[in-house]
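Remarks on the overall topology
Take a look at the letters that make up each chain.
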Amino acid sequence: MGPRIEMRGIHKVYPDGTVALRGVDFRLGPGEIVGLLGENGAGKTTLMKILSGLLQPTRGEIRIDGRPVRFRNPADALRAGIGMVHQIFTLVPPYTALENIILGQEGSNLWLVKDRARDQVQRLLEEVGLSIPLDTPMELLPIGVQQRVEIAKVLYRGTQTLILDEPTSALTPLEVDELFRFLRRLKEGGRSIVFITHKLREVLEISDRIVVLRNGRVTGEISTREATPELLAEWMVGRAVVPRVSRSPHPPGEPVLIVRDLEVIGDLGLPAVKGVSFEVRAGEIFGIAGVEGNGQSELAQALGGLRPIHRGEILLDGKPLPALTPIEAYRRGIAHIPEDRLRFGMALNFEVAENSILSRQWEPTFLRGWGRLDWPRILAFTAALLQRFQVIAPGVRAPARSLSGGNQQKLVVGRELAKEPRLILAVHPTRGLDVASTAYIRELLVQMRDAGKAVLLISADLDEVLELSDRIAVMYEGKFLGVGPVEAFTREEIGLMMGGIVPQGRAV
Amino acid sequence: MRRARPLLESLVAVGIGLIAGGALMLPFRYHPLKAYQALFQGAFGTPHDVMETLAFATPLMLTAVTFAVGVRAGLFNIGAEGQMYIGAIGAVFAASLLPLPPGLHILVATLVAMICGALWSLVPALLKIWRGVHEVISTIMFNWIAFHLATYLAIYYLAEPGRAERTRPALPTARYPILAEGSTLTAVIFVAILFCLAVYFLLWGTRMGYEMRLVGENPEAARYAGVQIGQALLWSFLIGGMAAGLAGASQIIGRPPAWSLYATLGNVATLGFDGIGVALVGRNHPLGGILAAILFGALQHGGRFMEYHAGVVSELVRAVNGLIVITLAIPELWTLVRRRLTL
Ligand SMILES: Nc1ncnc2c1ncn2[C@@H]1O[C@H](COP(=O)(O)OP(=O)(O)O)[C@@H](O)[C@H]1O
Ligand SMILES: [Mg+2]
């Protein structure tokens with residue numbers, strides 16, 4: 001039987017000042033499956049990284065069977081029988097399953113112990129009922145099997161308490177069923193399990209007890225037998241009424257963007273967007289809510305010309321778009337505020353001026369003969385851009401690195417809005433920003449709407465979507481679960497859909 | 001202002017390198033100040049010495065460009081050595097076998113060498129772009145292939161009749177004019193400096209350079225900006241190859257007294273690898289590379305005087321030079337490593 005684990009008053013402040021946990025209590029009994037539920041950024045991963053020794057809490061204590069413990073690293077936690085399978089896999093692709101399972105065992109030379117370990121691993125797999133082809137290189141195994149290897153790797157270290165972080169996000173429904181059967185078997189064997197998810201149906205199916213986190217706090221805890229989706233959804237997203245930003249109450253115009261039955265393949269080679277249809281009209285903000293990783297990134301990348309369209313069509317101003325490239329998308333009037341400015345939107349070591357023409361560097365406006373950059377013109381353009389969008393920078397020739405995060409984002413947003421687009425694709429436009437920059441960027445988006453532009457807002461921040469959008473959709477596992485005017489949904493209904501459940505009488 | 005910081009760091013590094021080299025001399029009872037005085041006077045004491053220093057610097061500023069233009073596009077192109085061999089062979093061929101009128105002959109020989117260098121970089125470039133083969137692996141392989149190919153061609157097809165140890169010398173019409181009687185510095189240095197300036201202008205003054213640098217800084221942002229990444233990488237390789245080819249030519253048609261390639265490749269060997277160090281000291285900047293190449297030239301030419309005048313044994317001279325170079329390369333190496341770690 002697994003131990004009794006208790007976390008008390010856990011606070012976590014990240015070095016950059018982000019407060020991830022604000023006094024969380026969490027306990028886990030022997031032979032119990034606890035579902036840890038919450039939307040993005042609720043603090044689920046942080047809490048479990050603390051339990052598995054990967055992070056130290058800023059405040060609070062952990063007790064095992066009543067005794068206080070301190071984990072300085074994951075090895076400490078493993079010694080106490082606690083192991084975590086992370087959202088992002090940590091396997092070595094060309095190594096075989098067996099090698100991956102035994103890799104990193106303390107004081108072992110992979111090649112020497114391999115044969116001895118094989119028997120042990122085989123016995124473990126039989127005991128827990130996992131089937132894994134041990135001699136196949138990881139990269140040749142399907143995602144579901146790779147995950148089993150991850151789990152086997154953790155169990156091989158003698159884990160009695162298994163933590164799974166969003167384990168079903170990349171799995172097919174069949175693989176999910178298999179995983180659940182396996183988890184029940186583990187539980188019967190006496191192990192305890194923490195199952196992190198944002199999917200309501202799954203947590204209701206597999207867990208014995210459910211703990212809901214929101215914004216670093218526990219907002220509810222209930223035995224699964226007594227839980228209802230509605231209650232969980234409310235705990236997950238809260239019931240606060242979001243103030244709507246003021247906007248001119250004009251009726252929206254013609255559809256600018258029409259998307260029909262769009263299918264997009266994700267990085268893992270599986271469909272990430274599974275047939276969505278919608279339109280965005282001139283003078284409206286269409287917001288797509290949903291927990292991250294449900295196909296929003298792939299949808300945005302397809303519209304921005306960064307990812308091929310597998311099926312379906314995209315029409316802009318009534319004309320079908322061909323196979324898009326980023327430049328073609330811009331030519332047709334699409335501006336793209338990308339989801340992660342540091343990854344896609346800018347080059348930190350480039351000057352502010354260089355960043356201000358990024359994605360427009362090919363435009364004749366900024367060039368002289370022979371492909372030479374027209375520096376005087378670029379510098380003047382940048383200076384005007386900084387002024388118009390209130391970007392505070394040491395100078396147009398300072399490296400972008402020297403700007404604060406908020407000003408970097410204002411630079412990216414300004415650059416895109418200055419393209420005078422027909423459609424603005426804004427993906428997580430205010431993530432990680434200070435309050436003032438957030439307010440300013442939201443105001444800009446509303447201004448664009450009022451000026452008759454079509455705005456497609458994709459955000460994992462439900463408040464942002466509710467505050468800004470005229471119409472919304474909720475995306476779950478690559479599909480839209482609900483589309484309609486923002487007033488047509490209660491917050492609870494949206495929460496349900498974010499968790500994958502369509503409210504009664506709302507079938508799309 | 002923004003260019004001043006790297007320059008300042010490099011100057012500090014020079015100081016530290018000199019002090020470290022001095023510290024290395026002390027236990028062997030040499031007098032560091034006297035030795036450095038000999039070094040400096042040897043390198044810059046007379047106009048003749050300055051010219052010799054510059055002659056040493058000429059090929060180095062070019063092979064430094066090969067590496068630097070690669071790093072700017074995110075590549076670790078260490079193929080300058082091989083590209084330079086092939087450029088040298090091309091120069092020998094055009095300069096010694098093609099009878100052309102004066103003026104035109106120099107031009108043709110120079111261009112042939114640059115094209116040969118560029119072609120030699122093409123296969124690693126295409127392997128990288130099409131198959132993702134890491135350029136370190138492919139360029140090392142191509143360095144070896146180039147070494148053997150160049151040796152073979154030099155011995156079997158281009159050897160000077162009756163003198164198997166070297167190739168036919170360049171015809172007088174293909175030789176860059178010597179700048180002063182008794183000096184080994186020729187007008188090829190102006191071509192080299194022009195090439196460095198051109199690359200500098202290309203990188204910071206054109207759309208193509210902007211896109212190459214963007215690929216180096218942040219490939220995903222480059223994709224977002226609509227840059228054809230393969231094309232940017234291809235240009236980085238080709239420009240680097242041209243620089244290395246020109247470096248090879250500079251030793252054949254721009255460096256008396258041999259005006260030819262030794263069968264051992266002795267008069268070009270390691271210039272490509274030395275370029276990596278020069279590029280690092282020059283902060284992967286084509287103009288910084290010119291300054292760094294002059295410094296390297298000074299160490300090479302002036303180093304001999306440390307031996308004559310301060311009596312420092314030649315092994316120690318090389319050790320001191322190496323120490324100075326390592327210290328100088330640290331700031332740039334550090335930024336490279338840090339970038340790898342953080343991004
Ligand atoms: N390494 C980190 N540095 C700074 N902030 C972080 C870090 N990791 C997570 N956060 C922040 O902590 C909060 C909780 O994140 P996380 O625990 O990952 O949530 P969840 O797993 O529920 O989505 C979020 O606001 C997130 O942005
Ligand atoms: Mg998480």
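Thresholds, definitions, all that
- Residues numbered from 1 in each chain as written.
- Chains lettered and ligands numbered in written order.
- Predicted model: local features only at pLDDT ≥ 70, side-chain atom pairs only at ≥ 80, totals over all residues.
- Heavy atoms only, no water.
- Helix = DSSP H or I, 4+ residues; strand = E, 2+ residues; numbered from the N terminus.
- Rg over C-alpha atoms; globule rule 2.2 N^0.38 Å.
- Buried < 20%, exposed > 50% of the residue type's maximum accessible area, 1.4 Å probe, protein only.
- Contact = heavy atoms within 4.5 Å.
- Areas by Shrake-Rupley, 256 points an atom, 1.4 Å probe, with all protein chains shown as cover.
- Lys, Arg positive; Asp, Glu negative; His and termini not counted.
- Charge placed at Lys NZ, Arg CZ, Asp CG, Glu CD.
- Pairing = 2+ DSSP bridges.
- Axes fitted to C-alpha atoms, helices over the stretch in contact; angles between N-to-C directions.
- Near = heavy atom within 4 Å.
- Polar contact = N/O pair within 3.5 Å; in protein donor to acceptor, adjacent residues only side chain to side chain.
- Salt bridge = Lys/Arg side-chain N within 4 Å of Asp/Glu carboxyl O.
- UniProt positions renumbered as here; feature names shortened; annotations may be inferred.
- Domains from an automatic or database assignment.
- Buried area = accessible area lost by both parts, 1.4 Å probe.
- Nonpolar A, V, L, I, M, F, W, Y, C, P; charged D, E, K, R; others polar.
- 1 Å grid on protein atoms, 1.4 Å probe; cavity = no way out; pocket = protein on both sides within 12 Å on 5 of 7 lines; lining within 4 Å.
- Points joined across faces, edges and corners; volume = space filled by probe spheres on them.

We now examine the overall build of chain A. Counting its regular elements, chain A contains 17 helices and 22 strands. What you see for chain A is a C-alpha radius of gyration of 25 Å, in line with the 23 Å of a compact globule of 508 residues. The principal-axis extents of the C-alpha atoms in chain A amount to approximately 70 × 55 × 45 Å. Across the 508 residues of chain A, 57% fall into the buried class. Of all intrachain contacts in chain A linking residues separated by at least 6 positions in sequence, the fraction that spans at least 24 positions is 68%. Just so you have it, chain A exposes about 21,300 Å², and 52% of that area is on carbon and sulfur atoms. A gap of 3 Å separates the mean positions of the 63 positive and 61 negative side-chain charges of chain A.

Our focus in this paragraph is the sheet that holds strand β15 (residues 319-320) of chain A. Sheet strands pair by backbone hydrogen bonding; their relative direction is either parallel or antiparallel. Residues and elements named next belong to chain A. Read across the open sheet, the four strands follow the order β12-β11-β14-β15; overall the sheet is antiparallel. Where the open sheet ends on each side, the last strands, each with one partner, are β12 (271-281) and β15. As defined by bridge partners, strand β14 (residues 311-316) adjoins β15 across two bridges and the pair is classed as antiparallel. Note that in β15 the partner of L316 across the bridge is K319. Across the sheet, helix α9 (residues 296-303) touches β11 (255-265), β12 and β14, and the angle it forms with β12 is around 60°.

Glancing now at the pairing of strand β13 (residues 284-289) of chain A. Residue and element names in this part refer to chain A. Counted residue by residue, β13 has six buried out of six residues, so it is predominantly covered. By the alternation rule, side chains of β13 split into E284, F286 and I288 and I285, G287 and A289, which are all buried. As paired strands, β13 and strand β20 (residues 454-458) are joined by five bridges and run parallel to one another. Bridging from a neighbouring strand, I288 pairs with I458 of β20.

Residue and element names in this part refer to chain A. Around ligand 1, the neighbouring residues are Y14, D16, T18, A20, E39, N40, G41, A42, G43, K44, T45 and T46. The contact in question runs from an oxygen atom of ligand 1 to an N or O atom on the backbone of G41, over 2.7 Å. One of the backbone N or O atoms of A42 is found 3.2 Å from an oxygen atom in ligand 1. In isolation ligand 1 exposes 560 Å². Once the protein is present, 63% of that is buried. Here the shell around ligand 1 gets three residues from one element, more than from any other, and that element is helix α1 (residues 44-51).

Turning our attention to the pattern of salt bridges. Following the criterion strictly, the structure yields 43 salt bridges over all chains and no others. A cluster of three or more residues bridged by salt bridges with shared partners is formed by E6, R8, E61 and R63 of chain A.

Under the UniProt annotation, "domain: ABC transporter" (unreviewed entry) lies at residues 5-240 and 257-502 of chain A. With 33% helix and 26% strand, the stretch residues 257-502 of chain A has end C-alpha atoms that lie 26 Å from each other.

Residues and elements named next belong to chain B. You can see G70 is positioned in helix α3 (residues 47-72). Using a relative accessible area of 0% as the deciding quantity, one classes G70 as buried. Between the C-alpha atom of G70 and that of S236, which follows or precedes it by 166 residues, the distance is 5.7 Å. Setting aside its immediate chain neighbours within four residues, G70 contacts L75 and S236.

The next thing to look at is helix α8 (residues 207-217) of chain B. Here α8 of chain B lies mainly inside the structure; nine of its 11 residues are buried. Within α8 of chain B the residues assigned to the buried category are G209, Y210, E211, M212, R213, L214, V215, G216 and E217 of chain B.

Our focus in this paragraph is the domain arrangement of chain A. Accessible area lost upon the coming together of the parts serves often as the stated size of an interface. Residues and elements named next belong to chain A. Partitioning chain A into structural domains gives domain 1 (5-237), domain 2 (260-333 + 447-498) and domain 3 (338-420). Between the C-alpha centres of domain 2 and domain 3 there is a distance of 26 Å. At the junction of the two partners, domain 2 supplies seven residues and domain 3 supplies 10 residues. Around 760 Å² of area is buried between domain 2 and domain 3 when both sides are counted, 60% of it from carbon and sulfur atoms. Summed over the three residues of domain 2 that lose the most area to domain 3, namely I327, Y330 and M448, the buried surface amounts to 62% of that side. If you look at where domain 2 meets domain 3, you find one salt bridge. For the salt bridge of E420 with K453, the shortest nitrogen-to-oxygen distance reads 3.6 Å. Linking domain 2 with domain 3 are three residue pairs in polar contact (both at pLDDT 80 or more). Contributions of two or more residues to the side of domain 2 that touches domain 3 are made by α9 and α10 (326-331). Among the elements that line the side of domain 2 that touches domain 3, the one with the most residues is α10, at three residues. Residues that form the side of domain 2 that touches domain 3 fall into these classes: three nonpolar, two polar and two charged.

Moving on: the sheet that holds strand β16 (residues 334-337) of chain A. Residue and element names in this part refer to chain A. The strand order β16-β19-β20-β13-β21-β22 describes an open sheet built from six strands, whose pairing is mixed. Edge positions in the sheet fall to β16 and β22 (479-485), since each of these pairs with one other strand and no more. Strand-to-strand twist in this sheet, taken as the mean axis angle between neighbours without regard to direction, amounts to 15°. Packing of helix α14 (residues 405-417) onto the sheet brings it into contact with β16 and β19 (423-427), and relative to β16 it is tilted by some 175°. On the sheet, helix α17 (residues 491-498) packs against β21 (471-476) and β22 and is oriented at approximately 30° with respect to β21.

A separate point is empty space enclosed by the protein. Residue and element names in this part refer to chain A. Under the criterion given, the structure shown has four cavities of 30 Å³ or more. For the largest cavity, the calculated volume is near 110 Å³. Listed by contribution, the elements that provide at least two residues to the lining of the largest cavity are α10 and β16. For the lining of the largest cavity, the element with the highest residue contribution is α10, accounting for four residues. Counting contributing residues per domain, the lining of the largest cavity is built from domain 2 (260-333 + 447-498) and domain 3 (338-420), each supplying no fewer than three. Space inside the second largest cavity adds up to approximately 50 Å³. Lining the second largest cavity we find S297, A300, Q301, L306, H336, P338, E339, F344 and V427.

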